[in-house]
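Commentary on secondary and tertiary structure
Below are the chains, spelled out letter by letter.
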Amino acid sequence: MVGLPYDCLANPLGAVRLTFEKAVASGSDPATLDGKDWGAAELFRQFLFDDDGLSQVPMLNQSTIKWVQPNTLVRFRGMIQDMLGNEYYVGAYKDGNMWRTNKFADTSRSPMDASSDMRIWERRLLYCVPIPGQNSWVESSHEAVRNPYTNSISPQREKRQREDDATMADVDMVEPGHDLEDSPNPKKMREDGMALEPLGLQKIAAEGNLSTLSLVPDAERNSLPCLVKIYDSTESDLKLNDVFEFVGIFTFDPDFTVDRDDNDELADNFCEDTLVCLPPTKVPRLHCVVHRKLAGADFLSGPQLELTPCVIKEVREALLGHLTAVLGNDRVAAQYMLLHLLSRVHARIDSIAVGKLSLNLTCFNKESISVFGNHLKLAMENLLPFTQCLPLTVDYLNTVSLAPKKDYHTNRLESGVLQLAEGTHLTIDETSLQTGTLNSVGCENARVLKNMMDSQKVEYDFTYYKMEMAADVQLLILSEGKSNILPADLVLPLRPSSVDSALGVDGEMLKAWRWYLATMKSLPHSIEPHMQKAVEDDLVAARQADRSLGSQDFSRWLTMGRLMSVSFGETCLSMEHWQMVRELERLRKERLLGNM
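Structural notes, computed from the coordinates. Predicted, not measured: the structure shown is a model, and the values here were computed from it.

Attention shifts here to the sheet that holds strand E10 (residues 387-391). Within the open sheet, the five strands sit side by side as E10-E13-E16-E9-E17. Their pairing is parallel. Pairing within the sheet leaves two strands with one partner each, and these edge strands are E10 and strand E17 (490-493). Strand-to-strand twist across the sheet, computed as the mean angle between neighbouring axes with direction ignored, equals 20°. Across three bridges, the pairing between strand E9 (residues 359-362) and strand E16 (residues 474-478) is parallel. Opposite Asn360, over in E16, you have Ile477 as the bridge partner.

What follows deals with helix H14 (residues 551-567). Helix length check: H14, at 17 residues, gives a terminal C-alpha distance of 24 Å against a target of 24 Å (1.5 Å per residue), a fit within 8%. Most of H14 is tucked away: 13 of the 17 residues are buried. Looking one or two residues past H14, Gly569 carries a phi angle of roughly 80°, positive in sign.

Our focus in this paragraph is helix H9 (residues 366-383). Across its 18 residues, H9 extends 25 Å between first and last C-alpha, which sits within 8% of the 26 Å expected from 1.5 Å per residue. Taking the largest bend as the criterion, H9 deviates by roughly 25°, centred on Phe372. Here H9 has its buried residues at Ser368, Ile369, Phe372, Gly373, His375, Leu376, Ala379, Met380 and Leu383. Residue Asn365 occupies the N-cap position of H9, its side-chain oxygen lying 3.0 Å from the main-chain nitrogen of Glu367.

What follows concerns the packing of aromatic side chains. A complete count under the given rule lists 10 aromatic pairs for this structure. A centroid spacing of 5.0 Å and a plane angle of 65° characterise the contact between Phe20 and Trp38, whose relative ring orientation is edge-to-face. Remark: Trp38 occurs in the loop between helix H1 (12-25) and helix H2 (40-50) and Phe20 occurs in helix H1; sequence separation between them is 18 residues. The same class applies to Phe20 as to Trp38, namely buried.

Conventions used here
- Residues numbered from 1 in each chain as written.
- Predicted model: local features only at pLDDT ≥ 70, side-chain atom pairs only at ≥ 80, totals over all residues.
- Heavy atoms only, no water.
- Pairing = 2+ DSSP bridges.
- Helix = DSSP H or I, 4+ residues; strand = E, 2+ residues; numbered from the N terminus.
- Axes fitted to C-alpha atoms, helices over the stretch in contact; angles between N-to-C directions.
- Expected span 1.5 Å × (residues − 1).
- Buried < 20%, exposed > 50% of the residue type's maximum accessible area, 1.4 Å probe, protein only.
- Bend = angle between axes of the 7 residues up to and from the residue.
- Polar contact = N/O pair within 3.5 Å; in protein donor to acceptor, adjacent residues only side chain to side chain.
- Phe/Tyr/Trp six-rings, centres within 6.5 Å; stacked < 30°, edge-to-face > 60°.

Spelled out as structure tokens, the structure:
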């Protein structure tokens, strides 16, 4: 035989089973292989990264699911919205004298019964969703992957796909006559008398009953969630709200059901709770072989820029000019906006989120918000991968669910508006807020928002208790006067002097700005001892000149100093950048006094 006996892309289960059989043949006891890699994961890493196979792996989303075939390798990018606990399954079993494995699969390759010699293994279940607020340019910038199965799709199926583009459930994922090895058609196997055995150990090791679980809330029905099954990974590796790319084996069988016949001994013994309530037509499964946490730069397209000091200065000045035009030729506001866009939580000391820099732009009214508010919204969407807008009104606060809440009847975490990925930008429009009465829901939502503004934490409601979850969200408030509900780190009256109706930007320049923001934002930063002494002396002098200054003001200045430095690509604070911050703050104070 020439070449490998399997294809990592089209027949990944062949690779899994071959490496398992080799491990057993070499003397490994199947009982010791639970939670361990016997060579399969390493094989996939070599294919994906050493052999550049990752670029060939299709991205699983609402459009590609129409042609991606089951039991093939795919990748899914999403946020961990809920952690569903652990699932027990038959990981290894004896078929005659041969040990076989069901790892990375939903179904068994051959029949099993209770008398079979088998090993019970464990895997974790993660409910993942497309990243909230992900902008369209992020989706389009994903490296395009041609349909590798074009030749195996019949003309009749192509016609049906065109007719039923909006109906995922009607798509026949594997055509008769084109079945891949280890990708059996369940109907066909049943008709042939070879019953497709469900892995009847789908027991969720979590509180409550999963029998009535519905994992597709209304807000998510226009996107594609995914049930990711995790193997051989510690719990600390994956956390709620983290954004990951999962590469794994895609299983999608709309005809698959878990039979609960009286004579099904395995089901009687083990299948207390099943996943039949997660319809595969809405929640495809992905058995993860490799996963990696994603950062902002991972969502950018094109070659990475060589950000030399000269290039950084040019890109910075061009971006600053764009922000100035967006804000009506207000360069002071543009400079504050740039620092705001570079901010992130880089440390936590007690309840203080170090590095956050929320911004409240004031002097908006209904007319100016329709112009500059829309310009800002469009600019944020074009520059940042994840953005959200929140209209702050009494009716909205009284009805919306901002914080995630645990539903013990369905045993799932119901998403809230503030369940956001790290690095998301949230614009809060307060200009439509009018006099009214907040009910209990509204008061709680206002408190949750304020807590997020103060400490970058969101309280998740578990009915009997509340749990604070750390967040890292850039908060921008647009209001007529200073927001009383959401006290920001910085309050700045907007002073537009013109309206630029032509805000079009070259695509390559946009890419450069995105790279600049993502790269500068991730830079480390420090203050050299000599500079630390100079800053301390300056703070003492400032306090003597203005007794109203306090620790929050000094902390904000230090944060701004760090951000000013990284905006120039510097990792250490210089006196020049410190003086730039002090001058900006002087101009801001003048505006505040003139606006009183």
